[in-house]
Amino acid sequence: MSSALTDLFPYPIVQAPMAGGVSVPRLAAAVSEAGGLGFLAAGYKTADGMYQEIKQLRGLTNRPFGVNLFLPQPETADPAAVGVYAHQLAGEAAWYETELGDPDSPRDDGYDTKLAVLLDNPVPVVSFHFGVPSREAVDALHRVGTFALVTATTVEEARAVEYAGADAVIAQGTEAGGHQGTHRDNPDTGGAGTGLLSLVAQAREAVSLPIVAAGGIMRGGQIAAVLAAGASAAQLGTAFLPTPESGAHAPHKQALTDPLFVRTELTRAFSGRPARALVNRFLREHGPYAPAAYPEVHHLTAPVRKAAAKAGDAQGLALWAGQGHRMARELPAGQLVEVLVAELAAAGTALSDYATGGGAR
């Protein structure tokens, strides 16, 4: 990674921007203060809401941080399929005593306005999800001193990120919790994806950009592994989800290690786009029938998910989680960074001992 970008955070630990109220200012501040790179998630917020969180974060830390944006999505959904899914979800709305959301709500997530705010009030880092920003947008960020990072889930996407002039690619393996950052949602892929270590190694040979590895990382030893595979840093989301600074709902935090939730799946049930979540009742009942329709399905299910959170019912929540969720630790975010750094150092020492003749023990 370029020295200028590396200098922003002493340790190769990036806190993933988790939308939906999880990546709040106090979490980003705690991670940045501890020597990692904290992130705010602008997804699903208004431009003013994003700006207010940036102001709040700046009041909590003088350390660098990042802000994540969702790219606008093309209109590819079949309205009839969305209507059928809405009919199927009617019982959920009745159960939680709410109404389904409007699937025809705005689909651009206020992208242009948010980008304009970030150009007028620059932050150290901006990352992008669900696509590649234009070269003009990246150049504009560079002019105001902002680094641009973009998620990629394949080697081809990594090449597109490099072509756009970004400063680094976030290589997201299929192990990652939450939404897969695919540049195009292709229903024919059947949720197939590439594991993180394979993706990092392939991307390392395909592009000259620095790589931030994301997907299922919960321990410092795993950070060491992706660094050895060619990454310059690791991005962790689920690991920070149960911290007290996280804005996740209590049932979501508890579900990570609850024996009732034993596995994760990629599903369209909650948003219409593939996203990895703990398997609960909602996912089991509706996942097989959810159409490829983002953000229509997201808008449709939003009131139901909000009502389930208010009721404390984990069976109706989108329990986003990576495949390593059972390794979650309920530590303060700053302490978690310290533990990860110590584990990373221990892994490096073990590797060094092996390389100098210590051999396997």
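Scroll up a little and you will see the structure.
Here the structure is a predicted model, which means the values were calculated and not measured.

S.K.: So what exactly am I meant to see when it comes to unusual backbone geometry here?
M.R.: The bulk of non-glycine residues show a negative phi, and the bulk of peptide bonds are trans. Cis geometry is adopted by the peptide bond preceding P295, which originates at Y294 and carries an omega value of 10°. Mapped onto the fold, P295 is located in the loop between α11 (281-286) and α12 (296-311). Even without a glycine there, the phi angle at E97 is positive, about 55°. Mapped onto the elements, E97 comes out in the loop between α4 (79-95) and α5 (111-120). Judged by relative accessible area, which is 75%, E97 ranks as exposed. Non-glycine residue F130 carries a positive phi angle of around 75°. Relative to the elements of secondary structure, F130 occurs in the loop between β4 (125-129) and α6 (135-143). When its relative accessible area of 2% is taken as the criterion, F130 is described as buried.

S.K.: Quick question: what am I supposed to make of the sheet that holds strand β11 (residues 275-278) here?
M.R.: The strands making up a sheet are joined through hydrogen bonds of the backbone, oriented either antiparallel or parallel. Spatial ordering of the open sheet is given by β7-β11-β10, a layout of 3 strands whose pairing is antiparallel. Edge positions in the open sheet fall to β7 (178-179) and β10 (264-267), since each of these has one partner strand only. Where β10 meets β11, 4 bridges bridge the pair, whose relative direction is antiparallel. If you follow T264 over to β11, its bridge partner there is L278.

S.K.: Got a minute to help me understand the packing of helix α2 (residues 25-33) against helix α3 (residues 47-60) in this structure?
M.R.: Look at α2 against α3: their axes get within 9 Å of each other, and the N-to-C directions meet at 40°. As the angle between them shows, α2 and α3 are arranged oblique. Two packed elements cross with a definite hand, and for α2 against α3 that hand is right-handed. Together, P25, R26, A28 and A29 of α2 and E53, Q56, L57 and L60 of α3 make up the contact between the two elements. Along the lines of polarity and charge, the residues of the contact of α2 with α3 split into 5 nonpolar, 1 polar and 2 charged.

S.K.: Sorry, what's going on with the nonpolar core here?
M.R.: A general tendency of soluble globular proteins is for nonpolar side chains to be buried together. V67, L69, F128, L236 and F240 are the most contacted members of the largest nonpolar core, which has 98 residues in total. Among the nonpolar cores identified, the runner-up in size contains 14 residues, and L8, V14, V212 and A214 belong to it.

S.K.: What's the story with α6 in this structure? I'm lost.
M.R.: Along an α-helix, a turn takes 3.6 residues, which lines up residues three or four apart on a common side. Taken together, the buried positions of α6 are occupied by A137, V138, A140 and L141. With its buried residues spanning 160° around the axis, α6 presents them on a single face. Projecting away from the buried face of α6 at angles above 90 degrees are the exposed residues E136 and R143. Looking at the packing, one finds that the buried side of α6 touches α5, β4 and β5 (147-152). In the segment just after α6, G145 is the residue with positive phi, at about 85°.

Conventions we followed
- For every chain, the first residue of its written sequence is number 1, and the numbers climb from 1 along that sequence.
- Owing to the predicted nature of the model, reporting of local features is limited to residues with pLDDT of at least 70; listing and counting of side-chain atom pairs is limited to 80 or more, with chain, interface and lining totals taken over all residues.
- Values reported for side chains reflect all heavy atoms of the structure, with hydrogen atoms and water molecules removed beforehand.
- The way it works is that DSSP assigns letters per residue, a run of H or I at least four long becomes a helix, a run of E at least two long becomes a strand, and they are numbered from the N terminus.
- For each residue, the accessible area found with a 1.4 Å probe, counting protein chains only, is set against the maximum for its type, and the residue is called buried under 20%, exposed over 50%, and partly exposed in between.
- Two strands form a pair only when DSSP identifies at least two bridges running between them.
- The axes used here are C-alpha line fits, helices contributing only the stretch in contact, and every angle between their N-to-C directions lies in the interval 0 to 180 degrees.
- In this scheme, roughly parallel covers angles under 35 degrees and roughly antiparallel covers those over 145, while 65 to 115 is roughly perpendicular and the rest are oblique.
- Note on convention: near helix rotated counterclockwise from far helix by under a right angle means a left-handed crossing. Clockwise means right-handed.
- Note on definitions: a residue-residue contact is assigned when non-hydrogen atoms from the two residues lie within 4.5 Å.
- In this count, Pro and Cys sit with the nonpolar residues alongside Ala, Val, Leu, Ile, Met, Phe, Trp and Tyr, while Asp, Glu, Lys and Arg are called charged and the others, Gly among them, polar.
- Side-chain atoms within 4.5 Å link the members of a nonpolar core, which is a set of buried Ala, Val, Leu, Ile, Met, Phe, Trp, Tyr and Cys residues.
- Throughout, the arc means the angular range of directions from the helix axis out to the C-beta atoms.

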